Amino acid sequence: MAIPEDLLDALMKDYKNPEDLIGETGLLKQLTKQLLERAMKAEMTEHLCYEKNAPANKKTNNSRNGSYKKRVKGEFGNLDIDVPRDRDSSFEPIILPKGQSRFTGFDDKIIALYARGMTTRDIQAHLEEIYGVEVSPTLISQVTRAVQEEITLWQNRPLDEVYPIVYLDAIRVKVRQDNRVINKAVYLAVGVNIDGLKEVLGMWTAETEGAKFWLQIVTELKNRGVKDIFIACVDGLKGFPEAIETIYPDTQIQLCLVHMVRHSLRYVTWKQRKEVAADLKAIYQAPTVEEAELCLGQFEDKWNASHPTIGKSWRRNWERIIPLFSYPPEIRRAIYTTNAIESVNMSLREVTKNRGSFPNDESMLKLLYLALKNISKKWTMPIRNWKSAMNQFTIIFEDRVPNI
C-alpha cells in the first residue's frame, strides 16, 4: 500500500536526526504502538458488532471493558501496548494473540543467533545492544527447546532409495555427563543423491564406536528407506565395514583419502609438508593400482628413514584404499575431491568453538542441528563433474541405478 506523500511530510515534519525516527521515543516505535492499538480496537468492534459509543444497534450483552497493559518484545525493543478488553473476556486479538509477548520473527532471530554458536549470555547481550530488549535465559531456552521436536522429525524422516555415495565421519564435542565433562563423538552421514546433491542423512552420538553401534545406524538408514548405497567413504571407523556389509552386501567400502593424507601429515614438519603431500598425491592419483603401488614403494624409499609411520599406515590400509582405482576418473574425483563431510565438520567446529562444554546432549544436538540447517542451505548445486560420474555409475551399476 502506497503512503501519500503529504502524510509522510506531516510525519517527518519535526525530523532532525536518526533518533527522532528509530530512537526509544522515535516515530517508528510510536507508529507501531498506535497502529497495533488501532487494529485491536477495530477487531473489538468486529467482535461486538457495534461501534464504540454507538450502542443503538447493539445485539449482544457483551461490551467494552477498558484495556490492560501488555509488554511486547521485537526488533524495536520493548513496547507497552494497551490491549482492549470486553466484559465476558471472549475477545482475543488476531494481530497480538493472548499469551504472545513477542512479535513473529523475533523467536527466529534468537534461533538464528543460537545456530551461529552464540551462548545464552552472548544472545542476551546482542539483543539488548542491537534492539534494546532484555531477554531472560529462560526465554532463550524455551525458544530453542521448540527445536527438539523438529530434530526428532528430521532424524526419522524418510530417505531416498538410492545414494550413490555416502560419507561417514565423526566430530568430538565436550559434553557434561554424570558431573564430569567428556569428549562425546557425534557421527554424521552425508549422502549424495542421484541428482548429485548433498544431504545430511542423520546425526548420532556415542561414547564408543564399534560394529554393534554402526549396525544400529546402518539398520536405521535401511528402515528409513535407503535400499542401496554404491560407495561408502569412511575414515577407518571401527566396525563400520562389517556393519555395512551385513545390511548392504554390495556396497563398496572406500577409505577416505583426505583423512589418510591428513593423518599422514601429522607426522611431518611444516617445512616438509608440501613435499610429502605431493608424493602422497602421486600415489592416490595414479592411473592404475599397479602404478599406485609403485609410487607407494618410491615414497617408502624416500621417506621411511625419517617418517616410517606414514608408509606403514598406507600399507596397513591398502586394501581399503585401492577400490578407488577400479573406478574411472569421474567417479574418483567424486570420491576423493568432494570433501563433503569435512566441510561440514569444519563448519560445526566453528560454531562449537565458543562453548567450553555443553550442559547435556540435548543442548549439543540443538546447536549442531541448527548449524546443519544453515550449512545445507548452501547445497543447491550438484557436486562437480556429477553428470559424468553419474553416467559412469549407470554403466558400472546398471541394474542398481533407479529409472529417472
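What you are looking at is a predicted structure, and each value in this text was computed from that prediction instead of being measured. (Residues numbered from 1 in each chain as written. Predicted model: local features only at pLDDT ≥ 70, side-chain atom pairs only at ≥ 80, totals over all residues. Heavy atoms only, no water.)

J.: Explain the overall build of the protein chain to me, please; I cannot follow it from the model alone.
T.: The number of helices and strands found in the protein chain is 18 helices and seven strands. Buried residues in the protein chain amount to 44% of all 404 residues. Contacts in the protein chain between residues at least 24 apart in sequence constitute 63% of all its contacts with a sequence separation of at least 6. Surface accessibility of the protein chain: about 22,600 Å² in total, with carbon and sulfur atoms responsible for 50%. (Helix = DSSP H or I, 4+ residues; strand = E, 2+ residues; numbered from the N terminus. Buried < 20%, exposed > 50% of the residue type's maximum accessible area, 1.4 Å probe, protein only. Contact = heavy atoms within 4.5 Å. Areas by Shrake-Rupley, 256 points an atom, 1.4 Å probe, with all protein chains shown as cover.)

J.: Which parts of the structure should I look at to understand empty space enclosed by the protein?
T.: Empty pockets left among the atoms are what a rolling probe the size of a water molecule brings to light. Evaluated as defined, the whole model comprises one cavity of 30 Å³ or more. Taken as a whole, the largest cavity holds about 40 Å³ of empty space. Taken together, Val166, Leu168, Ile217, Val218, Leu221, Ile229, Phe240 and Ile244 make up the full set of residues lining the largest cavity. Those elements that place two or more of their residues in the lining of the largest cavity are strand E3 (162-177), helix H8 (211-223) and helix H9 (240-247). When residues in the lining of the largest cavity are grouped by element, the largest group, three residues, is from H8. Tallied by class, residues from the lining of the largest cavity come to eight nonpolar, no polar and no charged. (1 Å grid on protein atoms, 1.4 Å probe; cavity = no way out; pocket = protein on both sides within 12 Å on 5 of 7 lines; lining within 4 Å. Points joined across faces, edges and corners; volume = space filled by probe spheres on them. Nonpolar A, V, L, I, M, F, W, Y, C, P; charged D, E, K, R; others polar.)

J.: Help me understand the nonpolar core, please; the structure alone is not making it clear to me.
T.: Within soluble globular proteins, side chains that are nonpolar tend to cluster in buried spots. Met203, Ile283, Trp314, Leu348, Leu372, Trp386 and Phe393 are the most contacted members of the largest nonpolar core, which totals 77 residues. Setting aside anything within four residues of it in sequence, one finds Phe393 in contact with Pro164, Ile165, Phe230, Ile231, Ile331, Trp386, Glu398 and Val401. (Core = buried A, V, L, I, M, F, W, Y, C linked by side-chain atoms within 4.5 Å.)

J.: It is not clear to me how helix H17 (residues 361-376) should be interpreted in this structure. Could you clarify?
T.: Along an α-helix, residues three or four apart share an orientation, since each turn contains 3.6 residues. Taking 1.5 Å of rise per residue, the 16 residues of H17 would be expected to cover 22 Å, and the 22 Å separating its terminal C-alpha atoms lies within 8% of that figure. Buried within H17 we find Ser363, Met364, Leu365, Lys366, Leu367, Leu368, Tyr369, Leu370, Ala371, Leu372 and Ile375. The N-terminus of H17 is capped by Asn360, whose side-chain oxygen sits 3.2 Å from the backbone nitrogen of Glu362. (Expected span 1.5 Å × (residues − 1). Polar contact = N/O pair within 3.5 Å; in protein donor to acceptor, adjacent residues only side chain to side chain.)

J.: Quick question: what am I supposed to make of the sheet that holds strand E5 (residues 198-206) here?
T.: Within a sheet, adjacent strands bond to each other through the backbone by hydrogen bonds, running parallel or antiparallel. Across the sheet, which stays open at both edges, the five strands sit in the order E5-E4-E3-E6-E7 with mixed pairing between neighbours. The open sheet has two edge strands, E5 and strand E7 (252-255), and neither has a second partner. Taken pair by pair, the neighbouring strands of this sheet meet at an average axis angle of 25°, ignoring direction. Bridge count for E3 against strand E6 (residues 228-234) is six bridges, and the pairing is parallel. Of the residues in E6, the one forming a bridge with Tyr167 is Cys233. (Pairing = 2+ DSSP bridges. Axes fitted to C-alpha atoms, helices over the stretch in contact; angles between N-to-C directions.)

J.: I tried to follow the pairing of strand E4 (residues 180-192) on my own but got confused; where do I start?
T.: For a regular strand, side chains alternate in direction, first toward one face of the sheet and then toward the other. The element E4 is largely enclosed, with a buried count of 10 among its 13 residues. Bridge count for E3 against E4 is 13 bridges, and the pairing is antiparallel. Along E4, the bridge assignment pairs Val173 with Lys184. Hairpin remark: E3 followed by E4, antiparallel, with two residues in the connecting loop; positive phi at Asp178, about 55°.

J.: I'm lost on the packing of aromatic side chains in this one. Help?
T.: The geometry of two aromatic rings is summed up by the distance between their centres and the angle between their planes. Scanning the entire structure with this criterion turns up 10 aromatic pairs. Judged by centre distance (5.1 Å) and plane angle (80°), the ring pair of Tyr187 and Trp214 falls under edge-to-face. Residue Tyr187 is located in strand E4, and its partner Trp214 is located in helix H8; the two are separated by 27 residues in the primary sequence. Taking the relative accessible area as the measure of exposure, Tyr187 reaches 1% and is therefore buried. Classification of Trp214 by relative accessible area gives buried; the value is 0%. Seen from their ring centres, Phe299 and Trp303 are 6.4 Å apart, and the 40° between their planes marks the pair as tilted. Residue Phe299 and its partner Trp303 are both found in helix H12 (residues 289-303); the two are separated by four residues, about one turn of the helix. Each of the two residues, Phe299 as well as Trp303, counts as buried. Cluster of aromatic residues (ring-pair linked, three or more members): Phe230, Tyr327, Trp386, Phe393 and Phe397. Between the NZ or CZ atom of Arg64 and the centre of the ring of Tyr50, over which it lies, the distance is 5.2 Å. (Phe/Tyr/Trp six-rings, centres within 6.5 Å; stacked < 30°, edge-to-face > 60°. Lys NZ or Arg CZ within 6 Å of the ring centre and 35° of its normal.)

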